[in-house]
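Working through the structure, step by step
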Amino acid sequence: MERKIRIRPALQADVAAIMSVFAQARAAIAALGIDQWQDGYPTDAHVSADIEKGYGYVLCDASGVQGYFAMIPEPEPTYHQIFDGAWLTDGAYMTVHRVAVSDALRGQGGAAQAMQFAVSRALRAGLQSVRIDTHKGNLRMRRFLEKQGFSACGSIYLASGAHRVAYEKDLRGVLSHAPVVLYEDRNMIICEKPVGQPSQPDPAHADGSDLLSRIMAWREACGYSPEIYLVHRLDTATGGAILFAKDKASAARLGGMVVGKQIHKQYVAVVHGTLTPQEGVMVDLLYHDKSKNKAFVVDSERKGVKQAILSYRTRAVQGECSLVEVTLQTGRTHQIRAQLSHAGHPLLGDGKYGSREKGCTTALWASYLCVTHPQTGKEIEVQSTPPKAYPWNLFDVKE
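Rules of the game
Residues numbered from 1 in each chain as written. Predicted model: local features only at pLDDT ≥ 70, side-chain atom pairs only at ≥ 80, totals over all residues. Heavy atoms only, no water. Helix = DSSP H or I, 4+ residues; strand = E, 2+ residues; numbered from the N terminus. Rg over C-alpha atoms; globule rule 2.2 N^0.38 Å. Buried < 20%, exposed > 50% of the residue type's maximum accessible area, 1.4 Å probe, protein only. Contact = heavy atoms within 4.5 Å. Polar contact = N/O pair within 3.5 Å; in protein donor to acceptor, adjacent residues only side chain to side chain. Expected span 1.5 Å × (residues − 1). Arc of directions from axis to C-beta. Core = buried A, V, L, I, M, F, W, Y, C linked by side-chain atoms within 4.5 Å. Pairing = 2+ DSSP bridges. Salt bridge = Lys/Arg side-chain N within 4 Å of Asp/Glu carboxyl O. Axes fitted to C-alpha atoms, helices over the stretch in contact; angles between N-to-C directions. Parallel < 35°, antiparallel > 145°, perpendicular 65-115°, else oblique. Left-handed = near helix turned anticlockwise from the far one by under 90°. Nonpolar A, V, L, I, M, F, W, Y, C, P; charged D, E, K, R; others polar. Phe/Tyr/Trp six-rings, centres within 6.5 Å; stacked < 30°, edge-to-face > 60°. Lys NZ or Arg CZ within 6 Å of the ring centre and 35° of its normal.

**Some thoughts on the overall build of the chain**
Across its full length, the chain carries eight helices and 18 strands. Relative to the compact-globule value of 21 Å for 399 residues, the chain shows a C-alpha radius of gyration of 28 Å, a clear excess of over 25%. Principal-axis analysis of the C-alpha atoms gives the chain an extent of 85 × 45 × 40 Å. A buried classification covers 48% of the 399 residues belonging to the chain. Considering only contacts within the chain whose residues lie at least 6 apart along the sequence, 64% involve residues at least 24 apart.

Structure below.
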């Protein structure tokens, strides 16, 4: 029968049980013929101090405490100097100390669960790495750490002068995939999608590089449920605010709001020329040619043709281009790009729709999103600002 282990913050009432776990771990280490922990360390004072600071965690099963470890999100003094090597990172890190499991839990995956928990909490905190040390002769622990993705970095010396092998797990690669979160609660999350990243998997991007897959992978790495549902999409060429639900019920309610046009979205775009009039409404018939993945404004209705409506307002003019605010009343594929191009004002960088500007990506950004919360009914508003790069840096986009 599989042993069910849960991790929770340690309590002062757990100290006696934790010391029993240490006694078992100390005996197991002694059997290896090494002197690690044979001087009475860790003491109940170490554990009590961990708990007092909120650093101590226990692994429990139905019979009680079966393991212990401390996660310390601050610099470890003995790690300031490392010999015969170097740390992998030089930023903020999580230190793990005093890892021990009972005889009953040894070999049952409890230590691995503890390390995965520490890594997930380090990621949540935005820390670059997790560090730990162990005795040179503790080959069982060293093999375990390497299996968990840790690298031996060199030697450190404890305050007592005892030598230890220093290990580190570099989390920067995982952190680089962290989504930019504009708003999050238990039911939904609004992220900022980068330009060039698909909203969800498609035949050309089935490698997990799309935003939905990245968010799911990130949440799983952080120890959260990876359950995420895309509520609406943005074109690959468009960046900005995008909404996801965290549960099926919220996804259904938010999806209904999309169909009922109850989610308010605004975009900013940089277009060639100056629109005349500078504020107005565009109403067109739009046909999306799936074989070319391109939308066309057409003169008459036929199969596949849909009405497309948007309103726009020119916010600023700079030379031969304009910053335009766009609000969609319908949500058609490539609608903004196709309608503005048809009006003679393609988006800068949008070669598919007539721009000859090669110095930027398509200048379209989902800058504002307002949605009624699916559970509380509260109105949630977020704003997203384009990167400070050409052509956005020609204007005060936040104005």
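And the narrative resumes.
**Thoughts on the side chain of Glu76**
Relative to the helices and strands, Glu76 resides in the loop between β3 (64-72) and β4 (93-101). A distance of 3.0 Å separates a polar atom in the side chain of Glu76 from a polar atom in the side chain of His97. Setting aside residues no more than four positions away along its own chain, Glu76 makes contact with Tyr93, Thr95 and His97.

**Notes on helix α1 (residues 15-30)**
Compared with an ideal rise of 1.5 Å per residue, which puts 16 residues at 22 Å, α1 spans 22 Å between its outermost C-alpha atoms and is within 8% of the ideal. Along α1, the positions that sit buried rather than exposed are Val15, Ile18, Val21, Phe22, Ala25, Arg26, Ala28 and Ile29. All buried residues of α1 lie within an arc of 160° about the axis, which places them on one face of the element. Elements that come into contact with the buried residues of α1 comprise α2 (44-53), β2 (56-61), β3 and β4.

**Looking at the nonpolar core**
With 31 residues, the main nonpolar core has Phe69, Val130, Ile132 and Leu145 as its most contacted residues. For this core, the secondary-structure elements that each account for two or more residues are β2, β3, β4, α3 (110-124), β5 (129-134), α4 (139-147) and β7 (163-170). Here this core gets eight residues from one element, more than from any other, and that element is α3. Each residue touching Ile132, except ones within four places of it in the same chain, is listed here: Tyr79, Val96, Val99, Met115, Met141, Leu145, Phe150, Val165, Ala166 and Tyr167. Counting residues in each nonpolar core, the second largest holds 23 residues, with Leu234, Tyr267, Ala269 and Leu340 among its members.

**Remarks on the pairing of β7**
Pairing of β5 with β7 involves six bridges; the strand directions are antiparallel. Paired with Arg131 across the bridge in β7 is Glu168. In this sheet, β7 lies alongside strand β6 (residues 151-157) in antiparallel orientation, the contact comprising six bridges. For Ala152, the partnering residue across the bridge sits in β7 and is Tyr167.

**Considering the pattern of salt bridges**
Charged atoms that come close allow side chains of opposite charge to pair. Evaluation of the coordinates by the stated rule reveals 11 salt bridges. Put simply, Asp235 and Arg233 hold a salt bridge, and the shortest N to O gap is 3.3 Å. You can call Arg233 partly exposed: its relative accessible area is 40%. Taken together, the shared-partner salt bridges connect Glu184, Arg219 and Lys246 into one network.

**A short note on the sheet that holds β7**
Taken in spatial order, the seven strands of this open sheet run β1-β2-β3-β4-β5-β7-β6, and their pairing is mixed. Each having just a single partner strand, β1 (6-9) and β6 make up the two edges of the open sheet. Geometrically, the sheet is characterised by an average inter-axis angle of 30° between neighbouring strands, direction not taken into account. In this fold α1 packs onto β2, β3 and β4, with an angle of close to 90° to the strand it touches most, β3. Docked against the sheet, α2 engages β2, β3 and β4, running at close to 70° with respect to β3.

**Focus: the packing of α1 against α2**
The N-to-C vectors of α1 and α2 enclose an angle of 130°; their axes lie 10 Å apart at closest approach. Compared by their axis directions, α1 and α2 come out oblique. Every pair of crossing elements has a handedness; the one defined by α1 and α2 is right-handed. When α1 is examined against α2, the residues Val15, Ile18, Met19 and Phe22 are found in contact with a partner set consisting of Asp44, Val47, Ser48 and Ile51. Classifying every residue of the contact of α1 with α2 by side-chain character gives six nonpolar, one polar and one charged.

**What about α3?**
Here α3 spans 21 Å end to end across 15 residues, near enough to the 21 Å set by a 1.5 Å rise per residue. Of the positions making up α3, those classed as buried are Gly110, Ala112, Ala114, Met115, Phe117, Ala118, Val119, Ser120, Ala122 and Leu123. Phi turns positive, to about 75°, at Gly126, one or two residues after α3.

**A few points about the packing of aromatic side chains**
Geometry of an aromatic ring pair is reported as the spacing of the ring centres plus the angle between the planes. Under the defined criterion, the tally for this structure stands at nine aromatic pairs. Both rings, one in Phe22 and one in Tyr68, keep their centres 5.7 Å apart while their planes meet at 85°; by these two values the pair is edge-to-face. Placement of Phe22 in helix α1 and of Tyr68 in strand β3 is noted, with a sequence separation of 46 residues between them. Owing to a relative accessible area of 0%, Tyr68 belongs among the buried residues under this scheme. With a centroid separation of 6.1 Å and an interplanar angle of 70°, the aromatic rings of Trp37 and Tyr41 are classed as edge-to-face. With relative accessibility at 9%, the residue Trp37 sits in the buried group. Classification of Tyr41 by relative accessible area gives partly exposed; the value is 27%. Across from the ring centre of Tyr93, 3.9 Å away, lies the NZ or CZ of Arg131, which sits over that ring.

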